[in-house]
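Residue-level listing of the chains:
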Amino acid sequence: MGLVCSGKCGQDTVGPEPDAQPPTRPNSKTDPALNLSNKNDSESSERSVNRAYERRLERERELSGQGTKVRENLDKNQLLESDRSVLTGAMPIRTLTAEDCRSRSDFGDDESSAKGVGAPSMAVNGRGKLNHLDPPSPQEMNEDAVSAYLKANPEFLESWLMEQVELETLERWMIRRTQRAKQKNGENGTNGKIIRKTSLSRWKPNKAQTSCKLAQCICSAVNADGFNLYLAHPASNTLHYYTNQVEIGGDTSWSCEIGTGAWLCGWIATTRQTVRVTLSSNDPRFPQGSPFREQGVHHALAMVVVQSDGELAAVLELYRRETGETFHEEDEEIVNSYLVWGGIALHYAELYHSMVKQRKLNDFILSVVKSIFQDMVSMDTLIMKVMNFAQRLVNADRASLFLVDSKNRQLYARIFDMGSEFDEDNPPQASKEIRFAIGTGIAGIVAQSGQVLNIPDAYADPRFNRAVDQITGYVTKSILCMPIFIRGNVIGVMQMVNKAGGIFTKDDEESFEMFAIYCGLALHHAKLYDKIRRSEQKYKVALEMMSYHSSCGEEELDLLAREHVPDDIPGVDDYFFSPLTIDDMEKVRMAIYMFVDLFGLTRFDKDCLIRFTLTVKKNYRRVPYHNWTHGFSVANSMYTIIKRAPKNFRPLECLALFVGSLCHDLDHRGKNNKFMLETESPLAAIYTTSTLEHHHFNQTVTILQQEGHNIFGKLTSSEYKQVLGNIKHCILATDLAMFFPNKAKLAKLVEDNLFDWENAEHRLLIEAIAMTACDLCASAKPWDIQVETVKVIFEEFYEQGDAEKAAGKNPIPMMDREKTDEQAGSQVGFLSGICIPCYDLLTKLIPVTEPLLVGCKKNLETWRDIADDKKKELEAKRQDEEEETDTGIEEVAEDEEEPTVDDIEDDVTDTNGRQQREDGT
């Protein structure tokens, strides 16, 4: 009758008496126990061996009662062999109860126990030796005995491990056991070569590669046939398949949205649950299962890989093929233990990646700062450098930088398209300045909102303007547009176009945001540097002006102050009034009269007005044409228009028009804007556009700011500001470069019958045209005044031509005193192309100015006749020269000379007399 052990071992093993059968050599073919042992030995996992081993240790301690220490470094291969012998031995196993075990304290020696066959023998109360699994004596205990006991009691080993061994120790044992098994397999399959897996410490600090290495380790630890790794993209809420250590992107890679959709990986990413499943049948949670079923994915263990901050990094899908076994709870536990350390590895990989990126960015910013601040030559140079660095930072194909004009609410740029073909050695040429309103286009929206715009598909965005692409042929794909701040205000907008190899990422935005801070500082300091440089040039101009000009003399002031302003000056309000025969002081008296006649002295001081007018006269240089006479003539023409059309302009506008006309050419040097720019004069360094006109206005302000010269002193603050702004508008309008756009806008309004005198913008346009008409009033004067004026105009032109020749340049024919024959032709072009259109447009809006148009047309016909006569003379002379060349006889008339200005004047006078006789005048 068998005995049942009811101790902690938990085994219920029944066997016959120990003397029932002597021990024999087992036979695997005939003994079922041996077959059972072989099967158990081949199918049991390392976990069963470990459980049996630990359970046996606990049993030995309990039975000995003395805490007998068993060697812990047992060779498990020997244990397996010993266990196989025990389980397949001929002697049946008898198991005693725990009570029996505790009552027996005398253990005898068994000589046969050392022979290695059968179970350990034991003497009980002097009886014969028994073949059972009762614990042997300390002398009989060896590795074989311990191994046999552990193999026979696997449940005890498992329970002892779970209760007595720390979790970290278990994990360490399992990793060590797995590595030993892999090493052994590698030695058997690679001719003795050991295959070593890369440890976590050797992984490259990249999130994707770190996740892949972690997946490889986990796959090896749980004996999976393979794995699939899906990396999470939080920005797009998608999973992307990762293969061959390269994250596939674009349309050709497999990806899916994170959600409860049809795929297993997508469901895992959404629920963040761990799933052990067999994919032979459709699961309603993820009916499509794995997207790579062709790999043999049958049994799957899927879970999320999460960073230490809780952000989803990836989804790991471990699989075994149909021939393999399903995943167990122990596999899941192993995976979880790996993921704990894997999350830490991902965290530090992300930190390392961030530090490397930050270091590169810091080095880049340092080079930017050194380059920008060490070579701050001009704003254009700085802008080119900023655009070049920005283009390199985000690997863009094109870069544009727009600065903010906060006063006019506009964005402007001169170098606005920096391409990959440009660098510091091949800078783009500064083109004509472009301007557009804030809020227009992508850059305008960014300047208005102060928010970054990252547009992956420009043509799909309604805010993108395709017109530029259609003109240039360039295709814009992606855009990154970012504001540049200084002191909380947007001072510029940087726009990057077409990132090489894809779209602009969040990392590009972060890097560029830091770069934009330094851009703002650089631009701010460049503006300060530019202001200092401009101030130096202004100082030079001021010194030059002070050496030439001075305020009015006290004697002149006293003389005019004692005089009474006349009530009327006959003929001064005539469009054809001639100032040529009036001396300079008389012009001052007439200018004061015209001012008082228009505006009175109620709100103006007489002495202040006299002092202002005298100083204005002194600040006109003694050049052939742009002198005090010209300034007075333009003011007289404007006075006539205001006098004859008093209701067209408002009082403050009339004041600005008259004073602007009187001062419109203050300190003119007898050279045009082009000459100033080409000779790099200090004025051109201060004012890049409308150089002389800006200087004329600033000179006007300078006179007004002198003590006793402010004729607007009794105006209110708002009136003073309005008049001064209108004067600036009027003086700048005398630049012929401004005339053409002003004329085009106004002509369009008149043509469409949309002009409105109540519209402030429309009135500014007609003011500008009126200023041009008065500036060109000599072209509408009677012929004698016209020809005399043309004579001094060309003399001034010739002086500029002489200066250009001295500088090694070739002047245009109109400014070359050796080409006087072209005067008439140039006048025909000037009157027909500029003067006639100007007076024609002015007459349509202010009909009382028609005499200017009529007078200009008469002068044009006269110039055409002279030009035709000169053309015939030149043609006849050319034919004579050809005939002389043909005959070989050359006649030289010693008294024949080139026609001069005086000769042209005589011809013009004769023509004028003939015209007057024909008209009966």
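Bear in mind that the values here come from a model prediction, so they are computed numbers and not experimental data.

1. Remarks on the overall build of the protein chain
So, step 1. Assigned secondary structure in the protein chain consists of 29 helices and 16 strands.
So, step 2. Within the protein chain, the proportion of its 921 residues that are buried is 45%.
So, step 3. Sequence-distant contacts in the protein chain: of pairs separated by 6 or more residues, those separated by 24 or more amount to 68%.

2. A word on the confidence of the model for the protein chain
So, step 1. Across the protein chain, the average pLDDT comes to 76, with 72% of residues at or above 70.
So, step 2. Per-element confidence in the protein chain is highest for helix H19 (residues 651-663), whose mean pLDDT is 97, and lowest for strand S1 (residues 121-123), whose mean pLDDT is 39.
So, step 3. A low-confidence stretch, residues 1-45 (pLDDT under 50), is modelled with 73 contacts involving residues beyond four sequence positions or located in other chains.

3. Topic: the pairing of strand S11 (residues 410-413)
So, step 1. The alternating pattern of S11 places Leu411 and Ala413 on a buried face and Gln410 and Tyr412 on a face that is not buried.
So, step 2. Here S11 pairs with strand S13 (residues 434-437) via four bridges, running antiparallel. The residue bridging Tyr412 from the neighbouring strand is Arg435, located in S13.

4. Some remarks on a nonpolar patch on the surface
So, step 1. Taken together, the side chains of Val340, Trp341, Ile344, Tyr348, Leu351, Tyr352 and Met355 make up a nonpolar region of the molecular surface, amounting to roughly 780 Å² of accessible area.
So, step 2. Note on placement: Trp341 falls in helix H10 (residues 329-374).

5. Brief notes about the nonpolar core
In summary, soluble globular proteins display a tendency toward joint burial of nonpolar side chains.
So, step 1. Grouped together as the largest cluster of nonpolar side chains are 97 residues, with contacts concentrated most on Phe595, Val616, Leu655, Val659, Ile711, Phe712 and Tyr839.
So, step 2. Apart from the residues lying within four places of it in its own chain, the contact partners of Leu655 are Phe595, Phe599, Phe604, Phe712, Leu715 and Val723.
So, step 3. One finds Val386, Leu393, Leu401 and Leu403 within the second-largest nonpolar core, a separate group that totals 28 residues.

6. With respect to the pairing of strand S8 (residues 299-306)
So, step 1. Of all eight residues that make up S8, seven are buried, and the element is covered over most of its length.
So, step 2. Pairing geometry for strand S7 (residues 275-278) and S8, over four bridges, is antiparallel. Looking across to S8, one finds that Thr278 is bridged to His299.
So, step 3. Relative to strand S9 (residues 312-320), S8 is paired through eight bridges, and the arrangement is antiparallel.

7. A few points about helix H12 (residues 441-449)
So, step 1. All of the buried residues along H12 are Ile442, Ala443, Gly444, Val446 and Ala447.
So, step 2. Its buried side turned inward, H12 meets strand S10 (396-405), S11, S13, strand S14 (453-455), strand S15 (479-486) and strand S16 (489-499).
So, step 3. Two residues or fewer after H12 comes Gly450, characterised by a positive phi angle close to 70°.

8. A short note on the environment of Cys654
So, step 1. When you line up the elements, Cys654 lands in helix H19.
So, step 2. Residue Cys654 is classed as buried on the basis of its relative accessible area of 5%.
So, step 3. Sequence-wise, Cys654 and Leu598 are 56 residues apart; in three dimensions their C-alpha atoms are separated by 8.5 Å.
So, step 4. Cys654 has contacts with Phe599, Ile642 and Phe649, leaving out every residue within four places of it along the chain.

9. Considering the packing of aromatic side chains
So, step 1. One pass over the full model with this rule turns up 19 aromatic pairs.
So, step 2. Between Trp628 and Phe632, the ring centres sit 6.4 Å apart and the planes meet at 50°, which makes this aromatic pair tilted. Of this pair, Trp628 and Phe632 both sit in helix H18 (residues 628-644), four residues apart, roughly one helical turn.
So, step 3. Classification of Phe632 by relative accessible area gives buried; the value is 0%.
So, step 4. Lying across the ring of Phe675, Lys671 places its NZ or CZ 6.0 Å from the centre.

10. With respect to H19
So, step 1. The terminal C-alpha atoms of H19 lie 18 Å apart, and with 13 residues this matches the ideal 18 Å at 1.5 Å per residue to within 8%.
So, step 2. Turning to H19, its buried residues number three or more, namely Glu653, Cys654, Leu655, Ala656, Leu657, Phe658, Val659, Gly660, Ser661, Leu662 and Cys663.

11. Considerations on a positive patch on the surface
So, step 1. Together, Arg172, Arg176, Arg180 and Lys184 give the surface a local cluster of positive charge.
So, step 2. Looking at the secondary structure, you find Arg180 in helix H7 (residues 167-189).

12. Focus: the pattern of salt bridges
So, step 1. Summed over the entire model, instances satisfying the criterion amount to 27 salt bridges.
So, step 2. Between Arg463 and Asp461 there is a salt bridge, with its nearest N and O atoms 2.7 Å apart.
So, step 3. Overall, Arg463 belongs to the partly exposed group, its relative accessible area being 35%.
So, step 4. Notably, a salt bridge pairs Lys643 with Asp597, separated by 2.8 Å at the nearest N-O pair. Within this pair, whereas Lys643 is found in helix H18, its partner Asp597 is found in helix H16 (residues 584-599), the two being separated by 46 residues in sequence.
So, step 5. By relative accessible area, which is 29% here, Asp597 ends up partly exposed.

13. Overview of the packing of H19 against helix H25 (residues 760-775)
So, step 1. Direction vectors running N to C along H19 and H25 enclose 30°, while the axes themselves pass 11 Å from each other. Between H19 and H25, the angle is such that the two are roughly parallel. Note that H19 runs across H25; the crossing there is right-handed. Residues Glu653, Leu657, Gly660 and Ser661 of H19 form the contact with H25, whose own contacting residues are Arg763, Glu767 and Met771.

14. So, a negative patch on the surface
So, step 1. A contiguous patch of negative charge on the surface is contributed by Glu554, Glu555, Asp558, Asp605 and Asp607.
So, step 2. Examining the composition of the negative patch, we find that three residues originate from one element, helix H15 (residues 554-562), more than from any other.
So, step 3. Residue placement: Asp607 occurs in helix H17 (residues 606-618).
So, step 4. You can call Asp607 partly exposed: its relative accessible area is 37%.

15. With respect to the side chain of Asn859
So, step 1. Its location among the elements puts Asn859 in helix H28 (residues 850-887).
So, step 2. You can call Asn859 buried: its relative accessible area is 4%.
So, step 3. Here Asn859 is in contact with Ser779, Ala780, Lys781, Pro782, Trp783, Gln786 and Leu831, once residues within four sequence places are set aside.

16. Quick word on the environment of Ala522
So, step 1. Here Ala522 is to be found in helix H14 (residues 506-548).
So, step 2. Note on Ala522: relative accessible area 0%, which makes it buried.
So, step 3. Sequence separation between Ala522 and Ile383 is 139 residues, and the spatial gap between their C-alpha atoms is 9.4 Å.

17. So, unusual backbone geometry
So, step 1. A positive phi angle, close to 55°, is found at Arg409, a residue other than glycine.
So, step 2. Here Arg409 shows up in the loop between S10 and S11.
So, step 3. Unlike most non-glycine residues, Ser690 shows phi in positive territory, near 45°.
So, step 4. Note on placement: Ser690 falls in the loop between helix H21 (682-686) and helix H22 (691-705).
So, step 5. Judged by its relative accessible area of 13%, Ser690 falls in the buried class.

What counts as what
- Residues numbered from 1 in each chain as written.
- Predicted model: local features only at pLDDT ≥ 70, side-chain atom pairs only at ≥ 80, totals over all residues.
- Heavy atoms only, no water.
- Helix = DSSP H or I, 4+ residues; strand = E, 2+ residues; numbered from the N terminus.
- Buried < 20%, exposed > 50% of the residue type's maximum accessible area, 1.4 Å probe, protein only.
- Contact = heavy atoms within 4.5 Å.
- pLDDT = per-residue confidence, 0-100.
- Pairing = 2+ DSSP bridges.
- Patch = residues over 30% accessible without salt bridge, like charges linked within 9 Å, V, L, I, M, F, W, Y side chains within 5 Å.
- Areas by Shrake-Rupley, 256 points an atom, 1.4 Å probe, with all protein chains shown as cover.
- Salt bridge = Lys/Arg side-chain N within 4 Å of Asp/Glu carboxyl O.
- Core = buried A, V, L, I, M, F, W, Y, C linked by side-chain atoms within 4.5 Å.
- Phe/Tyr/Trp six-rings, centres within 6.5 Å; stacked < 30°, edge-to-face > 60°.
- Lys NZ or Arg CZ within 6 Å of the ring centre and 35° of its normal.
- Expected span 1.5 Å × (residues − 1).
- Lys, Arg positive; Asp, Glu negative; His and termini not counted.
- Charge placed at Lys NZ, Arg CZ, Asp CG, Glu CD.
- Axes fitted to C-alpha atoms, helices over the stretch in contact; angles between N-to-C directions.
- Parallel < 35°, antiparallel > 145°, perpendicular 65-115°, else oblique.
- Left-handed = near helix turned anticlockwise from the far one by under 90°.

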